[in-house]
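These are the residues of each chain, in order.
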Amino acid sequence: MKKILMTLCVALVTLGASAQKGEKAVGANISYGSEWKNIGIGAKGQYSFTDNIRGEVSFDYFLKKEGMSMWDINANIHYMFNVAEKIKVYPLAGIGYVHFGGGSSYDDYDDDDYGYGNYSLTRASDGLGLDDVDYDDSSSNGKIAINIGCGVQYALTEKINLNAELKYQIIDSSNQIVPSIGVAFKF
């Protein structure tokens, strides 16, 4: 999968480029975390530093799953290429912070399920065994992520862009693929 993603990004670099320097946009997206196996909703802000280079900051909150929560914040750079009158493609690279925490019982998760947990185990005083292991609801953990990927943007109108993106997050021992679709409003 990594080879396919890298090949696609290299292919995008060979196409022609264009964007509007100083262009700003805000938007929203829906995503899916392959490691988390759940849907996320997010917001983003974009700024074009040059005609080809656009910066983007984004925040995604993934819906709670069995009492567990996850969110991430990212800063990515896009290199924009025109491929048709209203269509642009871009490779992306960046950095992020992924936060994971909460939960209801240790039986639902172990340290390796998502690679993020910071679990506290205690044996019940009645000595009934592992079924009495408690999960510390206040525990949480965060990891730095390296983002690579690519996307496509379609200009629906002069002020509204639709986009689809495929991002690979390298997160310590728990890498994930995050596909997303979204809309951005230029101002």
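No experiment lies behind these values; they were computed from the predicted model shown.

1. Some points on the overall build of the chain
So, step 1. Across its full length, the chain carries one helix and nine strands.
So, step 2. Along its sequence from the N terminus, the chain presents helices and strands in the succession α-β-β-β-β-β-β-β-β-β.
So, step 3. Across the 187 residues that make up the chain, the buried fraction comes to 42%.
So, step 4. Summarising the internal contacts of the chain: among those between residues at least 6 apart in sequence, 58% fall at separations of at least 24.

2. Regarding the confidence of the model for the chain
So, step 1. Per-residue confidence for the chain gives a mean pLDDT of 79; residues scoring 70 or more make up 70%.
So, step 2. The model gives residues 8-19 a pLDDT under 50, and that stretch makes 30 contacts with residues more than four places away or in other chains.
So, step 3. Across residues 104-137 the pLDDT falls below 50, and counting only partners more than four positions away or on other chains, this stretch makes 63 contacts in the model.

3. Some details on the packing of aromatic side chains
So, step 1. Applying the stated rule across the entire model yields five aromatic pairs.
So, step 2. Centre to centre, the rings of Trp36 and Phe100 are 5.2 Å apart; their planes meet at 85 degrees, and the pair counts as edge-to-face. Of this pair, Trp36 sits in the loop between β1 (24-33) and β2 (38-48) while Phe100 sits in strand β6 (residues 87-102), and the two are 64 residues apart along the sequence. Summarising the burial analysis for this pair, Trp36 and Phe100 share the class buried.
So, step 3. Consider the rings of Phe59 and Trp71, whose centres lie 5.8 Å apart with planes at 35 degrees: the pair is tilted. Residue Phe59 is found in strand β3 (residues 53-65), and its partner Trp71 is found in strand β4 (residues 68-79); the two are separated by 12 residues along the sequence.
So, step 4. An aromatic cluster of three or more residues is present, and its members are Phe59, Trp71 and Tyr97.
So, step 5. Just above the ring of Tyr90 sits the side chain of Arg54; from NZ or CZ to the centre is 5.3 Å.

What counts, and at which threshold
Residues numbered from 1 in each chain as written. Predicted model: local features only at pLDDT ≥ 70, side-chain atom pairs only at ≥ 80, totals over all residues. Heavy atoms only, no water. Helix = DSSP H or I, 4+ residues; strand = E, 2+ residues; numbered from the N terminus. Buried < 20%, exposed > 50% of the residue type's maximum accessible area, 1.4 Å probe, protein only. Contact = heavy atoms within 4.5 Å. pLDDT = per-residue confidence, 0-100. Phe/Tyr/Trp six-rings, centres within 6.5 Å; stacked < 30°, edge-to-face > 60°. Lys NZ or Arg CZ within 6 Å of the ring centre and 35° of its normal.

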